[in-house]
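Here is how the chains run, residue by residue.
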Amino acid sequence: MKIRVVVEVDVNFDLESDGETHTESAVDSDVVGQAVVEGLNNSDVADSIVELISDRSGWCVSGLTLSTPDAECIDYLE
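Residues numbered from 1 in each chain as written. Predicted model: local features only at pLDDT ≥ 70, side-chain atom pairs only at ≥ 80, totals over all residues. Heavy atoms only, no water.

### Thoughts on the overall build of the protein
- When helices and strands are tallied, the protein shows 2 helices and 0 strands.
- Scaling as 2.2 N^0.38, a compact globule of 78 residues should have a C-alpha radius of gyration of about 12 Å, whereas the protein reaches 17 Å, well beyond that.
- Dimensions along the principal axes, computed over C-alpha positions, put the protein at roughly 55 × 20 × 20 Å.
- Across the 78 residues that make up the protein, the buried fraction comes to 8%.
- Restricting to contacts in the protein with at least 6 residues of sequence separation, those with at least 24 account for 47%.
- If you sum the accessible surface of the protein, you get close to 7,000 Å²; carbon and sulfur atoms cover 50% of it. (Helix = DSSP H or I, 4+ residues; strand = E, 2+ residues; numbered from the N terminus. Rg over C-alpha atoms; globule rule 2.2 N^0.38 Å. Buried < 20%, exposed > 50% of the residue type's maximum accessible area, 1.4 Å probe, protein only. Contact = heavy atoms within 4.5 Å. Areas by Shrake-Rupley, 256 points an atom, 1.4 Å probe, with all protein chains shown as cover.)

Next comes the structure, spelled out in structure tokens:
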């Protein structure tokens, strides 16, 4: 069974911590996107999903692959 899920991640930055005020466009969205993808793929999110599926469906999950093929910045929130 394949299920496609779109995950939207809202990241807020402290843009004044160094004593200067920066706009959010100063943050490299590609670097942030790569970090989000890596975090999703390398965390225990898949284990939690397997446990929830098994608990709720009553079926034992023999395998689950979680992949996040891409990330793109859709908006700079200010």
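### Considering a negative patch on the surface
- A cluster of acidic residues, Asp 14, Glu 16, Asp 18 and Glu 20, forms a negative patch at the surface.
- Tracing the backbone shows Asp 18 in the segment before α1 (29-42). (Patch = residues over 30% accessible without salt bridge, like charges linked within 9 Å, V, L, I, M, F, W, Y side chains within 5 Å. Salt bridge = Lys/Arg side-chain N within 4 Å of Asp/Glu carboxyl O. Lys, Arg positive; Asp, Glu negative; His and termini not counted. Charge placed at Lys NZ, Arg CZ, Asp CG, Glu CD.)

### Some details on a nonpolar patch on the surface
- Judged by side-chain polarity, Met 1, Ile 3, Val 5, Val 7 and Val 9 come together as a nonpolar surface patch covering roughly 620 Å² of accessible area.
- Relative to the elements of secondary structure, Met 1 occurs in the segment before α1.

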